[in-house]
Amino acid sequence: MWHYDPAVTPYCGAPSSPGTLWFRWNLDPALIAGLVALACLYAIGAVRLNRGKRRLGRGEQTAFWAGWAVVAAALISPLCPLSVSLFAARIGQHMILELVAAPLVAAGNPVAVFAGAFGRTDARRPPARGMPLTATAVFAALLWFWHAPVAYAATFSSTGVYWAMHLSLFGASLWLWSTLLDRFSRHPVAVLLGSVISSVQMGFLGALITFAPRPLYAPHALTTGLWGFTQLQDQQLGGAIMWVPGCVVFLAVAMIALWRALERSDWADPVASRAP
């Protein structure tokens, strides 16, 4: 069973202090090499697609590169060591990856582009596998699992568990956003349901963390004082960071999907509604 070992230095290093934070960048060679490799593959795939039948839009490329930059900033910047000290910073890092980076990367059509990098340039945009509700369920399950106190604490004493958390959460959010964007115009009702469920479950989890009567996350028991927070205040702030942005982003998607669904319904069109 995973457990928290306070004697082990977390992946992002020892807890940071306000005076040294801006000198604490995560320059892990494996991480940087992985990011560079993905960037090179996308660039090669984009060039090959644009030379073939499937042309990649400038907007798609811009979205991917913006998402890639956000991922790099979230993992390399001083936010990484700050997330060792503050639960709120770790939740902020998660929200940046799941609510900002993931939809941008998904909008860049990475599956088709990476396929193009390996020579498959004649395929149309591959449909996102599964319906939004399936991706919603997987994303919700992983989000709740990794924010359970035991699983969360284990990420501080094992680099493997730390990356299992980040990769699974980002992968699930990328799948969710891919299904939402892929089916936005064709199946707005499915997008509406997936977005509403995501908004509710993130809000509920954030509220549970915010209103918990005691601190839940052992790794931050001795690290919040330098930043002017008690452990419970830090936890409450982290819960609010999950609660509000998670609700707002997915609720906005749900409202757009609802508008699309109403536009497609017969009763929304006065002419169609009068037709025999």
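Residues numbered from 1 in each chain as written. Predicted model: local features only at pLDDT ≥ 70, side-chain atom pairs only at ≥ 80, totals over all residues. Heavy atoms only, no water.

**Let's talk about the overall build of the protein chain**
Thought 1: Within the protein chain, the secondary structure is distributed over eleven helices and zero strands.
Thought 2: Secondary structure elements of the protein chain, listed N to C terminal, follow the sequence α-α-α-α-α-α-α-α-α-α-α.
Thought 3: Here the protein chain, with 276 residues, has 47% of them falling under the buried criterion.
Thought 4: Counting only carbon and sulfur atoms, one obtains 71% of the accessible surface of the protein chain, whose full area is about 13,500 Å². (Helix = DSSP H or I, 4+ residues; strand = E, 2+ residues; numbered from the N terminus. Buried < 20%, exposed > 50% of the residue type's maximum accessible area, 1.4 Å probe, protein only. Areas by Shrake-Rupley, 256 points an atom, 1.4 Å probe, with all protein chains shown as cover.)

**As for the nonpolar core**
Thought 1: Formed by 55 residues in total, the largest nonpolar core has its most connected members in Tyr-11, Leu-31, Tyr-162, Trp-177, Met-202, Met-242 and Phe-250.
Thought 2: Other than its neighbours up to four places away in sequence, Tyr-11 contacts Asn-26, Asp-28, Leu-31, Cys-80, Thr-159, Tyr-162 and Trp-163.
Thought 3: Grouped together as the second largest cluster of nonpolar side chains are five residues, Leu-21, Leu-79, Leu-82 and Leu-86 included. (Core = buried A, V, L, I, M, F, W, Y, C linked by side-chain atoms within 4.5 Å. Contact = heavy atoms within 4.5 Å.)

**Focus on the packing of helix H1 (residues 29-51) against helix H5 (residues 110-117)**
Geometrically, a packed helix pair is captured by the angle between its two axes and the distance between the axes.
Thought 1: It is the contact of H1 with H5, at a shortest axis distance of 7 Å, that shows an interaxial angle of 80°. For the element pair H1 / H5, the angle class is roughly perpendicular. Side by side, H1 and H5 meet where Leu-38, Leu-41, Tyr-42, Ile-44, Gly-45, Ala-46, Arg-48 and Leu-49 of the first sit next to Pro-110, Ala-112, Val-113, Phe-114, Gly-116 and Ala-117 of the second.
Thought 2: Residue composition of the contact of H1 with H5, by class: eleven nonpolar, two polar and one charged. (Axes fitted to C-alpha atoms, helices over the stretch in contact; angles between N-to-C directions. Parallel < 35°, antiparallel > 145°, perpendicular 65-115°, else oblique. Nonpolar A, V, L, I, M, F, W, Y, C, P; charged D, E, K, R; others polar.)

**Some thoughts on the environment of Trp-227**
Thought 1: Among the structural elements, Trp-227 can be located in the loop between helix H9 (188-210) and helix H10 (231-264).
Thought 2: Along the primary structure Trp-227 and Pro-18 are separated by 209 residues, whereas in three dimensions their C-alpha atoms are 6.9 Å apart.
Thought 3: Leave out the neighbours within four places in its chain, and Trp-227 touches Ser-16, Ser-17, Pro-18, Leu-21, Leu-82, Ser-85 and Leu-86.

**Some words on the side chain of Thr-223**
Thought 1: As for its position among the elements, Thr-223 is in the loop between H9 and H10.
Thought 2: Look past the residues within four positions of Thr-223 in its chain and what remains in contact with it is Pro-15, Val-84 and Ser-85.

**Quick look at a nonpolar patch on the surface**
Thought 1: A contiguous nonpolar patch, built from Trp-22, Phe-23, Trp-25, Leu-27, Ile-32 and Val-36 and spanning about 740 Å² of accessible area, is present on the exposed surface.
Thought 2: Note that Trp-22 resides in the segment before H1. (Patch = residues over 30% accessible without salt bridge, like charges linked within 9 Å, V, L, I, M, F, W, Y side chains within 5 Å. Salt bridge = Lys/Arg side-chain N within 4 Å of Asp/Glu carboxyl O.)

**A word on unusual backbone geometry**
Thought 1: The backbone phi angle of Asn-109 is positive, close to 55°, even though this residue is not glycine.
Thought 2: Along the polypeptide, Asn-109 turns up in the loop between helix H4 (87-107) and H5.
Thought 3: A relative accessible area of 4% means that Asn-109 is categorised as buried.

**Comments concerning the environment of Val-47**
Thought 1: Counting through the fold element by element, Val-47 comes out in helix H1.
Thought 2: Distance in space between the C-alpha atoms of Val-47 and Gly-116 is 8.5 Å, their sequence separation being 69 residues.

**Side note on the packing of H4 against helix H8 (residues 159-182)**
Thought 1: Two numbers describe how H4 lies on H8: the axes approach to 8 Å, and their chain directions differ by 40°. With respect to each other, H4 and H8 are oriented oblique. Between H4 and H8 lies a crossing whose hand is right-handed. Residues Arg-90, Gln-93, His-94, Leu-97, Glu-98, Ala-101, Ala-102, Pro-103, Val-105, Ala-106 and Ala-107 of H4 pack against Tyr-162, Met-165, His-166, Leu-169, Phe-170, Ser-173, Leu-174, Trp-177, Ser-178 and Leu-181 of H8.
Thought 2: In the contact of H4 with H8, the residues fall into 14 nonpolar, five polar and two charged. (Left-handed = near helix turned anticlockwise from the far one by under 90°.)

**Section: H5**
Thought 1: Restricting attention to buried positions, one finds in H5 the residues Pro-110, Ala-112, Val-113, Gly-116 and Ala-117. Buried positions in H5, seen along its axis, are confined to an arc of 165° and lie on one side of it.
Thought 2: Packed against the buried residues of H5 are H1, helix H2 (58-76) and H4.
Thought 3: Of the residues flanking the end of H5, it is Gly-119, one or two places downstream, whose phi is positive at about 100°. (Arc of directions from axis to C-beta.)

**Some words on the confidence of the model for the protein chain**
Thought 1: Confidence in the prediction for the protein chain averages 88 pLDDT; 88% of positions are at 70 or higher.
Thought 2: Per-element mean pLDDT across the protein chain ranges from 44 in helix H11 (residues 270-274) up to 97 in H4.
Thought 3: Residue range residues 125-129 is modelled with pLDDT below 50. Its contacts to residues more than four positions away, or to other chains, number 15 contacts. (pLDDT = per-residue confidence, 0-100.)

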